[in-house]
Amino acid sequence: MYLAELRLLPRQVARAVLAVLAALHGRLGALCWRLASLSLFLPLPLPGWRRVSAPSRAAPAGPRRERELDDTSPTPTSVNYHFTRQCNYKCGFCFHTAKTSFVLPLEEAKRGLEMLKEAGMEKINFSGGEPFLQDRGEFVGELVRFCKQELKLPSVSIVSNGSLIRERWFKKYGEFLDILAISCDSFDESVNVLIGRGQGKKNHVENLHKLRQWCREYAVAFKINSVINRFNVEEDMNEQIKALNPVRWKVFQCLLIEGENTGEDALREAEKFVISNEDFEQFLDRHRDVSCLVPESNQKMRDSYLILDEYMRFLNCRNGRKEPSKSILDIGVEAAIKFSGFDEKMFLKRGGKYVWSKADMKLDW
């Protein structure tokens with residue numbers, strides 16, 4: 001179906017069609033990866049095939065591109081790898097939505113992680129989507145083990161909604177994980193449902209406390225991430241956060257990203273969740289006595305994270321949308337990172353580098 005024809009359809013229908021096409025595209029991509037991988041063991045290459053890691057948009061042309069190519073490449077000290085876009089929740093403000101179902105083969109993901117380590121990576125954070133959806137947590141578990149045991153990274157962390165994590169995962173992989181961050185935007189279950197962070201009769205807040213206990217038992221540092229938005233901006237979370245006592249409470253201001261949670265080709269409509277800078281500051285002021293609070297406004301978030309998508313492309317968010325580089329698997333880390341838009345100074349200014357290895361935290365488990 002042509003884009004012009006899609007525009008004639010009602011918006012909801014058009015978005016549904018785009019979602020289906022995106023999912024089919026992801027599955028086709030995964031098949032191509034597997035065929036390309038098999039071709040390595042054939043005496044002759046498959047006709048018409050070449051090994052590629054992902055479709056990627058061309059880097060911006062003109063003076064801007066020349067400027068970026070001339071710049072010294074930043075060091076990928078801390079990397080966020082969103083290896084899947086699939087999720088079992090439907091958070092209305094999500095800015096990394098399920099536009100594809102593609103996930104790299106495990107060995108290709110490991111190859112990319114090894115390249116990042118060689119380029120200077122010290123911390124890896126696995127995210128999504130929901131990272132525990134893939135192979136019931138075995139995929140992310142094997143990546144965690146690889147990064148800690150073989151690459152010997154100082155810090156390995158995961159961001160999850162927590163709904164699919166089971167104790168058996170901690171028993172198998174907990175020793176290799178430094179930090180588990182659980183997303184929790186409200187301690188009022190009805191607000192979580194409004195946001196889209198709910199699944200049937202499961203209670204998100206009750207599950208949060210269970211995960212907190214498992215982190216204690218298996219010596220994993222516990223962290224909470226909260227997105228402050230129109231539905232929770234008036235909430236007082238002091239008592240609950242202090243009781244859970246996370247090592248960090250990361251508080252984000254709801255952020256709009258074109259093509260993800262706003263715009264014609266987006267899978268979410270996050271405009272109704274957006275709050276002003278003043279609203280965000282008032283929330284922070286109400287929680288100023290929480291010692292583990294780490295605030296992140298839209299300005300800090302947009303340029304100070306190194307984000308890899310499911311194809312291991314760096315995502316540049318400087319223009320309000322995610323513009324991908326070519327994959328590091330194709331052109332290497334140094335060449336790809338030049339188009340990431342990463343502001344290394346802002347990364348350090350916002351406290352992006354901290355005590356992030358559980359061996360150095362000296363926590364009373």
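It should be emphasised that the depicted structure is a prediction, and the values quoted were computed from it without experimental measurement.

What counts as what
- Residues numbered from 1 in each chain as written.
- Predicted model: local features only at pLDDT ≥ 70, side-chain atom pairs only at ≥ 80, totals over all residues.
- Heavy atoms only, no water.
- Phe/Tyr/Trp six-rings, centres within 6.5 Å; stacked < 30°, edge-to-face > 60°.
- Helix = DSSP H or I, 4+ residues; strand = E, 2+ residues; numbered from the N terminus.
- Buried < 20%, exposed > 50% of the residue type's maximum accessible area, 1.4 Å probe, protein only.
- Lys NZ or Arg CZ within 6 Å of the ring centre and 35° of its normal.
- Pairing = 2+ DSSP bridges.
- Right-handed = clockwise from strand over helix to strand, strands pointing away.
- pLDDT = per-residue confidence, 0-100.
- Contact = heavy atoms within 4.5 Å.

A. Structural context of the packing of aromatic side chains. On inspection of all chains with the given rule, the structure shows 15 aromatic pairs. Judged by centre distance (6.4 Å) and plane angle (70°), the rings of Phe 83 and Phe 126 are edge-to-face. Taken together, the positions of Phe 83 in the loop between strand S1 (78–82) and helix H4 (106–118) and Phe 126 in strand S2 (residues 123–127) put the pair 43 residues apart, joining distant regions of the chain. Both residues of the pair, Phe 83 and Phe 126, count as buried. Each residue in the set Phe 132, Trp 169, Phe 170, Tyr 173, Trp 214 and Tyr 218 is aromatic and connected to the rest through ring pairs, giving one cluster. If you follow Arg 248 out to its NZ or CZ, it ends over the ring of Tyr 354, 3.6 Å from the centre. Directly above the aromatic system of Tyr 305 lies the positively charged group of Arg 350, at a separation of 3.8 Å from the ring centroid.

B. Expanded view of the pairing of S2. Of all five residues in S2, five are buried, a share of seventy percent or more. The side-chain alternation of S2 yields two buried faces, one formed by Lys 123, Asn 125 and Ser 127 and the other by Ile 124 and Phe 126. Both S1 and S2 contribute to a ladder of five bridges, which runs parallel. For His 82, the partnering residue across the bridge sits in S2 and is Ser 127. For the handedness criterion, the β-α-β arrangement of S1, H4 and S2 is classed as right-handed. In this sheet, strand S3 (residues 155–160) lies alongside S2 in parallel orientation, the contact comprising four bridges. Paired with Phe 126 across the strands is Ile 158, a residue of S3. This β-α-β element, S2 to helix H5 (residues 138–150) to S3, shows right-handed connectivity.

C. Representation of the pairing of strand S7 (residues 293–296). As paired elements, strand S6 (residues 248–253) and S7 share four bridges and run parallel to each other. Within S7, the residue paired with Trp 249 across the bridge is Leu 293. Viewed along the sheet, the connection from S6 through helix H10 (residues 277–286) into S7 turns out right-handed.

D. Representation of the confidence of the model for the protein chain. Averaged over the protein chain, the pLDDT score is 85; the fraction of residues at 70 or greater is 80%. Segment residues 33–54 is flagged for pLDDT under 50; beyond a separation of four residues in sequence, or across chains, it makes 26 contacts in the model. In this model residues 56–70 is a low-confidence stretch, pLDDT under 50, and it forms 21 contacts with partners more than four residues away in sequence or in other chains.

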